[in-house]
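Structural overview
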Amino acid sequence: MLILGLESSCDETAAALVTGDRRVLSHALAGQEAAHQPYGGVVPEIAARAHVEALEPLVAQALAEAGVRLGDVDAIAATAGPGLIGGVMVGLVTGKALAHAAGKPLVAVNHLEGHALSPRLSDPDLDFPYLLLLVSGGHCQLLAVEGVGRYRRLATTIDDAAGEAFDKTAKLLGLGYPGGPAVERAAALGNPRAIAFPRPLKGSPEPHFSFAGLKSAIARVVGQYSAEDIAASFQAAVVDCLLDRSARAIAKVPNATAFVVAGGVAANGAVRGALSALAAEHGLRFVAPPLWLCTDNAAMIAWAGAERFAAGFTDPLDVPARPRWPLDPGAEAVRGAGV
Ligand code: ATP
Ligand code: MG
Ligand code: FE
């Protein structure tokens, strides 16, 4: 089985070819850092236009690098949400056009399902069910991953996502955009115990997250401490919260085969190290995708497409693009709007 995957939900445009037996034949990616840098964050209109310009050449590049033609693929998988709607539409419409032109089925992929299943692309031994900490730019959730399309949300953030907290911290410290890697680099040179930042919701019985308070706490000390000490102390606080909340969730999924982390923040070394130790403490296998598979890419979309296609899911060509699309609609209804 051969799947072409397309990703365009935020500020990475990407195309990849992945096989049903987990071979990544190619993955082409264009970031938009330079275009958004002057604004300190992603500007949706600029992102959508950049996706329009970048996507077609990336598809051609991915096909060429894999040494295959469009006619060779079994299905085309495109991110259909959640994300910046302009960007999502570019990728989804492109996927529909390619599917129609080549007479191939379309698989509309939830970007979060792309992150959630990405560890199964890099680790062939990862079986359902597993406990997933999904930490990205727009989300911070603990999920019981029970199968393809089967997610039970145990916890979510009541305000900011973890990646968002990294990005806001970087902005406050003048470290530029994108913030996560910059904060991690600065943190490596600082003292994590320099400032006792709050650990929001630590110790609370439900494993939810909150990071907005950290931002105000950082704003209060900017200028009083070095950027390195603030970054290191901030990162230590985030790691501490992720650990405490995850430990609560581990108890809620006693049949989990592994504790898994995915999403852009999973690329952070301190986060990976701490979570791996937590898993070991609980006698659980720890799985984290390689760094390139943590941040947005099209291989994870192609892989989620492969998993969905193998499970018999395809979508009609009028499937809509969705700016919001929870993985677990039940949890959304209970908790009201929100991430
Ligand atoms: P979502 O997946 O929720 O829709 P997104 O697609 O924008 O959001 P990802 O691409 O998965 O998010 O992750 C990007 C986020 O990860 C950004 O907030 C970025 O700052 C953060 N990030 C990337 N690398 C690191 C790192 N090394 N340390 C901490 N955070 C990081
Ligand atoms: Mg990005
Ligand atoms: Fe993402």
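What counts, and where the lines are drawn
Residues numbered from 1 in each chain as written. Chains lettered and ligands numbered in written order. Predicted model: local features only at pLDDT ≥ 70, side-chain atom pairs only at ≥ 80, totals over all residues. Near = placed C-beta within 6 Å. Helix = DSSP H or I, 4+ residues; strand = E, 2+ residues; numbered from the N terminus. Nonpolar A, V, L, I, M, F, W, Y, C, P; charged D, E, K, R; others polar. Domains from an automatic or database assignment. UniProt positions renumbered as here; feature names shortened; annotations may be inferred. Buried ≥ 20, exposed ≤ 12 C-beta atoms within 10 Å, placed from the backbone. Contact = placed C-beta atoms within 7 Å. Core = buried A, V, L, I, M, F, W, Y, C linked by C-beta atoms within 7 Å. Pairing = 2+ DSSP bridges. Axes fitted to C-alpha atoms, helices over the stretch in contact; angles between N-to-C directions. Parallel < 35°, antiparallel > 145°, perpendicular 65-115°, else oblique.

Quick word on the site of ligand 1
Around ligand 1 lies a shell of 25 residues, among which Gly137, Gly138, Gly163, Gly180 and Gly264 are the nearest. Secondary structure elements with two or more residues in the shell around ligand 1: α4 (111-122), α5 (162-172) and α6 (179-187). Considered class by class, the residues forming the shell around ligand 1 number six nonpolar, 15 polar and four charged. Inspection of the shell around ligand 1 shows a minimum of three residues originating in each of domain 1 (2-118 + 296-311) and domain 2 (127-288).

Concerning the UniProt feature "domain: Gcp-like" (unreviewed entry) in the chain
Listed under "domain: Gcp-like" (unreviewed entry) in the UniProt record, and renumbered for this structure, are residues 24-303. The span residues 24-303 shows a helical share of 48% and a strand share of 17%, and its end C-alpha atoms are spaced 9 Å apart.

Considerations on the environment of Arg69
Within the secondary structure, Arg69 is located in the loop between α2 (44-66) and β4 (75-81). Of the residues examined, Arg69 has 10 C-beta atoms within 10 Å and is grouped as exposed. For Arg69 and Pro320, which are 251 residues apart along the polypeptide, the C-alpha to C-alpha distance reads 27 Å.

What about the UniProt feature "binding site: substrate" (unreviewed entry) in the chain?
In the numbering adopted here, UniProt assigns the feature "binding site: substrate" (unreviewed entry) to Leu134, Val135, Ser136, Gly137, Gly138, Asp167, Gly180, Glu184 and Asn268. Assignment of secondary structure puts Leu134 in strand β6 (residues 130-135). Residues contacting Leu134, with those up to four places away along its chain left out, are Leu112, His115, Ala116, His139, Gln141, Leu143, Ala262 and Gly263. With respect to the helices, strands and loops of the structure, Asp167 is situated in helix α5. For Asp167, a count of 24 C-beta atoms within 10 Å corresponds to the buried category. Aside from chain neighbours lying at most four places away, what touches Asp167 is Gly41, Gly137, Tyr177, Pro178, Gly179 and Gly180.

So, the nonpolar core
Nonpolar side chains tend toward joint burial in soluble globular proteins. Within the largest apolar cluster, 114 residues are counted, with the highest numbers of intra-cluster contacts made by Ala15, Ala16, Ala77 and Ala302. The greatest single-element share of this core, amounting to twelve residues, is contributed by helix α8 (residues 227-252). Both domains that furnish three or more residues to this core are identified here as domain 1 (2-118 + 296-311) and domain 2 (127-288).

Here's the deal with the sheet that holds strand β1 (residues 2-7)
The sheet built from five strands is open, its strands ordered β3-β2-β1-β4-β5 with mixed pairing. Both edges of this open sheet fall to β3 (24-31) and β5 (106-110), since each of them pairs with a single strand only. Ignoring strand direction, the axes of neighbouring strands in this sheet form an average angle of 20°. Relative to β3, strand β2 (residues 12-19) runs antiparallel, the two being bridged by seven bridges. Within β3, the residue paired with Thr13 across the bridge is Ala30. Lying over the sheet, helix α3 (residues 85-102) contacts β1, β4 and β5, oriented at roughly 160° with respect to β4. In the packing of α4 onto the sheet, contacts are made with β4 and β5, and the angle to β5 comes to roughly 80°.

Here's the deal with the packing of α5 against α8
Contact pair α5 / α8: the axes reach a minimum separation of 11 Å and the direction vectors enclose 170°. Judged by the inter-axis angle, α5 sits roughly antiparallel to α8. Taken together, the residues of α8 that come into contact with α5 (itself represented by Ala162, Ala165 and Thr169) are Ala231, Phe234, Val238 and Leu242. The class makeup of the residues in the contact of α5 with α8 is six nonpolar, one polar and no charged.

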